[in-house]
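# Survey of secondary and tertiary structure
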Amino acid sequence: MKRIICTVTNDLSYDQRMIRICSSLAKNGYSVTLVGRKLSHSKPLSAQPFHQKRLKLFFNKGKLFYLEYNIRLFIFLLFSKFDIVNAVDLDTLTPGFLVSRIRGRACVYDAHEYFTEVPELVERPMVQKAWSKLADFILPRLSYCYTVGDCLSQIFYKKYGVDFEVIRNVPFGKNPNPLNPATKPETPFIVLYQGALNDGRGLEEAIQAMANLVEVELWLAGEGDLSDELRELAAKMNLGNKVKFLGKLTPSELLPITEKAHLGLNLLKNKSLNYYYSLANKAFDYIQASVPSLNMDFPEYRKINDTYSVFILMKKLDPLAIAHEIELIRKNKSRYASLVENCQKASRHFTWENEEQKLLDFYQKIK
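Let me begin by describing the structure that accompanies this report. What you see is a predicted model; the values in this text were computed from it and never measured. (Residues numbered from 1 in each chain as written. Predicted model: local features only at pLDDT ≥ 70, side-chain atom pairs only at ≥ 80, totals over all residues. Heavy atoms only, no water.)

### Some words on the overall build of the chain
- Regarding its fold elements, the chain presents 15 helices and 13 strands.
- A globule of 367 residues ought to have a C-alpha radius of gyration of about 21 Å, and the chain, at 21 Å, matches this closely.
- By principal-axis analysis of the C-alpha atoms, the chain measures approximately 60 × 40 × 40 Å.
- Counting across all 367 residues of the chain, residues that qualify as buried make up 56%.
- Within the chain, contacts between residues at least 6 apart in sequence are counted, and of these 69% link residues at least 24 apart.
- As displayed, the chain offers around 16900 Å² of accessible surface, 53% of which is attributable to carbon and sulfur atoms. (Helix = DSSP H or I, 4+ residues; strand = E, 2+ residues; numbered from the N terminus. Rg over C-alpha atoms; globule rule 2.2 N^0.38 Å. Buried < 20%, exposed > 50% of the residue type's maximum accessible area, 1.4 Å probe, protein only. Contact = heavy atoms within 4.5 Å. Areas by Shrake-Rupley, 256 points an atom, 1.4 Å probe, with all protein chains shown as cover.)

Laid out in structure tokens, this is it:
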């Protein structure tokens, strides 16, 4: 039985993607350990078919966090038994790469995003340069890599000369009776955003759009760097119950919320290549719940929409444009019904059951 250690920087509880990946590997004969970090507000871990380990740190932000976590992770890996280390994103790759070389083991790179082009680095050129040099050194030396979309796969191949398999971040198929869209009350018309409340997600604009809408509620499921600012903005605009903050939800808590929504939001500002070439899991979560969604007209979403017509694509991100699109789809019942039907058809294609075999085939090739 091959032993795999997967490494992330989050606290594991809310990482739907890694829970799916680790569960699939564990159920197919691998011994899997998922390693993250423990925060002061971390919930107890739910039982999973794989092992879980959280490292408790002194520092949880900035350079000292990355330094401490990478040192702690290096020590943990050095004294752990494994055959494959799966480093998720560039911020966990260095320990995995070094220890795999020392121990003569395989190192897999899982590029969940275009890490060197995230907004936090784009806005800090010197820090971005340091991470880019690290990627330039390590990635061409790796043999096993995968990512979440075709655009990133092509970019990484051109940049590093390494093949990246594409394993999409999609949910399990929901055969067990999803909520029938026809049974949802027409009012309030619920617009849902699920994910981190962070910069560049179009959340300020979405809240501001609510001032121009009636019988519409915006539900925000998640927390993040902008949590306090967004709550203050909603209060300042006297939006009352039109904007609801649901807090951070586990995957099992989130699913019934998603099914209640009429429209999903995935509005990224075009402020970094990571956002422009993204393919967010929330877009697929909405599809699986038969919920059309409002997305930016970026390459990956456009390609999916050309085939399945499940999204409303926006060229411009501002409050009036958002309000306009929401009002159009709310009032155009035939178009809305068509989008729901398209989501139901697409949901049979974009399932983890389909992607899982790609994951297993990928790991079977590792020597």
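Text resumes after the structure shown.
### Some details on the layout of surface pockets
- As a volume, the second largest pocket reaches approximately 460 Å³.
- Taken together, 20 residues form the lining of the second largest pocket, with Gln-16, Arg-20, Phe-172, Pro-251 and Leu-255 sitting closest to its centre.
- Looking at the lining of the second largest pocket, the elements with two or more residues in it are α1 (16-27), α9 (251-260) and α11 (281-288).
- Partitioned by chemical class, the residues of the lining of the second largest pocket number eight nonpolar, eight polar and four charged. (1 Å grid on protein atoms, 1.4 Å probe; cavity = no way out; pocket = protein on both sides within 12 Å on 5 of 7 lines; lining within 4 Å. Points joined across faces, edges and corners; volume = space filled by probe spheres on them. Nonpolar A, V, L, I, M, F, W, Y, C, P; charged D, E, K, R; others polar.)

### Description of α11
- Buried residues dominate α11, accounting for seven of its eight residues.
- Buried residues of α11: Lys-282, Ala-283, Phe-284, Asp-285, Tyr-286, Ile-287 and Gln-288, and no others.

### Some remarks on helix α8 (residues 227-236)
- Within α8, the full set of buried residues consists of Ser-227, Leu-230, Leu-233 and Ala-234. An end-on view of α8 places all buried positions within 130° of arc, on one side of the element. Along α8, the residues that are exposed and aim more than 90 degrees away from the buried face are Asp-228, Glu-232, Ala-235 and Lys-236.
- At its buried positions, α8 is contacted by α7 (203-209) and β10 (243-247).
- In the stretch just after α8, Asn-238 is the one whose phi turns positive, near 55°. (Arc of directions from axis to C-beta.)

### Notes on the pattern of salt bridges
- One pass over the structure, following the stated rule, counts 22 salt bridges.
- In this structure, Glu-223 and Arg-231 form a salt bridge, with 2.8 Å as the shortest nitrogen-oxygen distance.
- In this structure, the salt-bridge partner of Glu-327 is Arg-330, at a minimum N-O distance of 3.1 Å. Highlighted residues: Glu-327 and Arg-330, both in helix α13 (residues 319-331), separated by three residues, approximately one helical turn.
- Judged by its relative accessible area of 15%, Arg-330 is buried.
- Through salt bridges that share partners, Asp-150, Arg-168, Glu-300 and Lys-303 make up one connected network. (Salt bridge = Lys/Arg side-chain N within 4 Å of Asp/Glu carboxyl O.)

### Quick look at the side chain of Ser-153
- Among the secondary structure elements, Ser-153 is positioned in helix α6 (residues 150-160).
- Assessed through its relative accessible area of 12%, Ser-153 is described here as buried.
- For Ser-153, the residues in contact, after removing those within four places along its chain, are Thr-147, Phe-164 and Val-166.

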